[in-house]
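Topology and contacts: notes
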Amino acid sequence: MPANQITLGDVTITRVWEYSGPVDMTPETFFPESSPRTWEEHSSWLEPQFVDPETRIVNSAIQTWLLRSEGRNILIDTGVGNHKERPYSPVWSRLDTDFLDNLAEAGVRPEDVDIVVNTHLHVDHVGWNTYLDGRTWVPTFPNATYLISKADFDFWNPANEHKPLLGRGNQNVFEDSVAPVHEAGLTHLWEDSYTIDSNLRLDLAPGHTPGSSVITLESGTDRAVFVGDLVHNPVQFVEPDANSCFCEDPAAARATRRRILHWAADLGALVVPAHLGGQGAAEVVREGNGFVIKGWAPFAPYSSTSKEAR
Ligand SMILES: [Zn+2]
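Residues numbered from 1 in each chain as written. Predicted model: local features only at pLDDT ≥ 70, side-chain atom pairs only at ≥ 80, totals over all residues. Heavy atoms only, no water.

1. Description of the UniProt feature "domain: Metallo-beta-lactamase" (unreviewed entry) in the protein chain
Using the residue numbers shown here, the UniProt feature "domain: Metallo-beta-lactamase" (unreviewed entry) corresponds to residues 61-275. For residues 61-275, the end-to-end C-alpha separation is 5 Å, with 22% helix and 28% strand making up the annotated structure. (UniProt positions renumbered as here; feature names shortened; annotations may be inferred. Helix = DSSP H or I, 4+ residues; strand = E, 2+ residues; numbered from the N terminus.)

2. Some remarks on the pairing of strand E14 (residues 270-273)
What you see with E14 is no split at all: Leu-270 and Val-272 on one side and Val-271 and Pro-273 on the other are buried throughout. Direction of pairing for strand E13 (residues 222-228) relative to E14: parallel, over a ladder of four bridges. If you follow Val-225 over to E14, its bridge partner there is Val-271. (Buried < 20%, exposed > 50% of the residue type's maximum accessible area, 1.4 Å probe, protein only. Pairing = 2+ DSSP bridges.)

3. Re unusual backbone geometry
Glu-47 connects to Pro-48 through a cis peptide bond whose omega is -5°. On the secondary structure map, Pro-48 appears in the loop between helix H3 (43-46) and strand E3 (59-69). Within the chain, His-83 stands out as a residue other than glycine whose phi angle is a positive 65°. Tracing the backbone through its elements, the reader meets His-83 in the loop between strand E4 (72-76) and helix H4 (99-105). A relative accessible area of 39% places His-83 in the partly exposed class.

4. Some thoughts on the coordination of the zinc ion
Tetrahedral coordination by four donors places them ideally at 109.5 degrees to one another around the metal; octahedral coordination by six donors ideally gives 90 or 180 degrees. On the protein side, the zinc ion has Asp-124 (OD), His-125 (NE2), Asp-229 (OD) and His-275 (NE2) as donor atoms, found 2.1 to 2.2 Å from it. Classification of the site at the zinc ion as irregular follows from its four donor atoms and the range of 81 to 160° in their angles at the metal. On the primary sequence, the residues serving as donors to the zinc ion are separated as D-H-x103-D-x45-H. Of the two residues, His-125 sits in the loop between strand E5 (115-117) and strand E6 (130-133) while Asp-229 sits in the loop between E13 and helix H7 (235-238), which places them 104 residues apart along the sequence. Accessibility classification places His-125 together with Asp-229 in one group, the buried group. (Donors = N, O, S within 2.8 Å, 3.2 Å for Na, K, Ca; no water. Tetrahedral: all angles 85-135°; square planar, octahedral: opposite > 155°, others 65-115°.)

Below you can see the structure in the form of structure tokens.
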């Protein structure tokens, strides 16, 4: 089995690489509520995979989780995408990656994708929803149903004039990556929860954004939960009250993170965040006021500069 793939119950999980490396933020800017002591005490495993010890810049990964369940291909989050204009998120502006080749290496062509889940509608979770065809953004996955929570769709829809914490960081995102799939009739805007199949369920997990969601996998005796940006960096296992600077509702984000991590610890579920580099996912157990890692998933780590290790 390839090192980017595991099987839980009847579901195969494949990690599809788009980007890994520095994201232009220090621990203090990315996680303003985290304690410098935590970074120090856990430096033996946080460095260099999750923070560069020399530059003090946080490392992160952009990846899609490809699930094969009941004969269907399901993508969880679609990364940043190519050629997108992101004037207020320069790290993600005008990327040109071979993400679709990586997906093809996993055996999936765009037309083979049955379901796309956007855990929320931030810039780095919806990018490959569309690609540039001439001068027009068109759906990348023409046969897919795109599952988007109605709460996030309404929050990020520019017609509703919400003022997100992210400021203009999400500029153009709805217009080039969400509206085109909606206008093509490919979206299903769900509320509260949505059952994908007998192994997979989507639930609202608000806080990071109003419509952030998690996907729970329960198959046989195996459990996993895909938490999106509820956890950005494993420092948040140790300090679950430390939000990222991108959490729209800080109190709700803390409560939701604790609730989901407690559930995962109690049931031995694999926690699969959107952006962990290293081995990508972990099982956690309670310790003190937080959690510690019981074991990492067996995904092969990306190399620090990265392209080669996908
Ligand atoms: Zn993200």
